[in-house]
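Spelled out from the first residue to the last, the chains are:
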Amino acid sequence: AFAVSVISEGAEDETELPVLQNSEKSRTISKIGRELKGIVFVIQSQSNSFHSKRAEDLKRDILKQAVDLGKELPTVLLIHQIDRHEGAWTILPLMTDFSVTYGRNSSWIFFCEEDTRIQVVKLVETLRRFDKSKEWFLGKALYDEESTIIHHYAFAENPTVFKFPDFAAGWALSIPLVNKLAKKLKSEPLKSDFTIDLKHEIALYIWHKGEGPHLTPVPEFCTDDVNSFKADHCATTFSNFLPLCGEPVNKEDVFVAVKTCRKFHGDRIPVVKQTWEREAALIEYYSDYADISIPTIDLGIPNTDRGHCGKTFAILERFLNHTSPRTPWLVVVDDDTLISIFRLRKLLSCYDPNEPVFLGERYGYGLGTGGYSYITGGGGMVFSRTAVQKLLASKCRCYSMDAPDDMVLGMCFSGLGIPVTHSPLFHQARPMDYPKDYLSHQIPVSFHKHWNIDPVKVYFTWLAPNTEESRNGKKVGYNREDL
């Protein structure tokens, strides 16, 4: 190799610089920088202070990697800052804006979560394999092993045939596909129905009954931990530990309200007592019948077959007026919810109870045409005392006693300008209703329903604390059978 000696004034040593190698390297870096400028990064962020900080940290990391490659910086957007859309987190309503703003000068829209870690150079090299002038839907593929209620039993004959992206690994749309989706949305507005599992619903919308592209699996989009030996080939990795921000909150800081009714006292309540009740320092059972053997509290509200709005608002009033004002957190669960209070206490260490926090698994209703987001009740709804105070001060109440409580709460908080806070660690359904590969990078906080399972076995397999987890807060290996 050719080299030139450079002697700086006052230097004692000669430093050899391989000129040709350096110029070739700089050309490569420059090319990567130009290609990187064609990627629009969209972080699926949230406005809660804990989540927005994590998203800002990821944005800074992406831009820092970009600076190291030259002057060309990509666009990095945070979903919660695109506030013209209540349903911005559902992505599809943004396609028109993406098409108008980036449709001419960009190549890819790359979506990721706040805990996705990105090797920018590897990402550019990975996307380079795909012709950016064509319609591409890229991601790490998930599929259902059996048809499931959360996907409306789609592809019931063979659910494994339909692939949808694991958001944790990141996923990408080429600009021609973004433009096509924007055009489709103009002629066919989104229906005003439920958003339950966004990753599946987006894949269905893009697939368009077989007329649109399928998800193309990309092996470099990974959910392996960044320190895993498997991560060497990955453009993306994922932090798969339970968030912990200092010490877990005290047991006495979490008040647990269990909604039940007389007909379930004999079969559901014993499961709670065999599993997670011992983790809760403060727990009350609310029913339509006072049973001293449990004991349950009769709130004077009859049980309803449909929603339980009246009962839930009575629980919120009771929490505010009959518990210690020093108890910052309320958790409302169904009698067939399986929950790890131990893990929840770790998770809550990351949230400020002085903020109005309404936390759990986020669903949406009618978000294509306004609508609102809400926390689905079965996985557990977590409220800061501040959120309960603001809600009850607002006079927003049930439009009927048997209205769906979780949806009414979502409507009320939306009206107050308080966004719900989503955590994928809460689950409205059973473990077998989710792809194994999706659950493999989670430490779950809750599951819901006793239907066709042994709920005690599910709890001890998926949710029970153990000594290793207690000691260091890291993910541990479970013997997770097919439950």
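Because the structure is predicted, anything quoted here is derived from the model rather than measured. (Residues numbered from 1 in each chain as written. Predicted model: local features only at pLDDT ≥ 70, side-chain atom pairs only at ≥ 80, totals over all residues. Heavy atoms only, no water.)

## Focus on the pattern of salt bridges
So, step 1. Tallied over the full model, the rule gives 21 salt bridges.
So, step 2. With a closest N to O distance of 3.0 Å, Asp 57 and Lys 53 form a salt bridge. Here Asp 57 and its partner Lys 53 are both found in helix H2 (residues 49-68), 4 residues apart, which amounts to about one turn of the helix.
So, step 3. Using a relative accessible area of 31% as the deciding quantity, one classes Asp 57 as partly exposed.
So, step 4. Across the pair Arg 54 and Glu 114 runs a salt bridge whose closest N-O atoms are separated by 3.4 Å. In this pair, Arg 54 is assigned in helix H2 and Glu 114 in the loop between strand E5 (108-112) and strand E6 (116-118), connecting sequence segments 60 residues apart. (Salt bridge = Lys/Arg side-chain N within 4 Å of Asp/Glu carboxyl O. Helix = DSSP H or I, 4+ residues; strand = E, 2+ residues; numbered from the N terminus. Buried < 20%, exposed > 50% of the residue type's maximum accessible area, 1.4 Å probe, protein only.)

## Details of the packing of helix H8 (residues 309-322) against helix H10 (residues 385-393)
So, step 1. Running from amino to carboxyl end, H8 crosses H10 at an angle of 115°, the nearest separation of the two axes being 10 Å. In this structure, the crossing between H8 and H10 has a hand that is left-handed. Counting all contacts with H8, which are made through Phe 313, Leu 316, Glu 317, Phe 319 and Leu 320, the residues of H10 involved are Arg 385, Val 388, Gln 389, Leu 391 and Leu 392. (Axes fitted to C-alpha atoms, helices over the stretch in contact; angles between N-to-C directions. Left-handed = near helix turned anticlockwise from the far one by under 90°. Contact = heavy atoms within 4.5 Å.)

## Notes on the environment of Pro 435
So, step 1. Relative to the helices and strands, Pro 435 is located in the loop between strand E23 (421-422) and helix H12 (436-439).
So, step 2. A C-alpha to C-alpha distance of 19 Å links Pro 435 and Trp 207, two positions 228 residues apart in sequence.
So, step 3. Discounting chain neighbours no more than four positions away, the residues touching Pro 435 are Leu 142, Tyr 143, Asp 144 and Phe 164.

## A word on the domain arrangement of the protein chain
So, step 1. Under the domain assignment, the protein chain is made up of domain 1 (34-238) and domain 2 (251-463).
So, step 2. Using C-alpha coordinates to define each centre, domain 1 is positioned 30 Å away from domain 2.
So, step 3. Domain 1 puts 30 residues into the contact, and the matching count from domain 2 is 32 residues.
So, step 4. Taken together, both faces of the contact between domain 1 and domain 2 bury some 2,700 Å²; the carbon and sulfur share is 53%. (Domains from an automatic or database assignment. Buried area = accessible area lost by both parts, 1.4 Å probe.)

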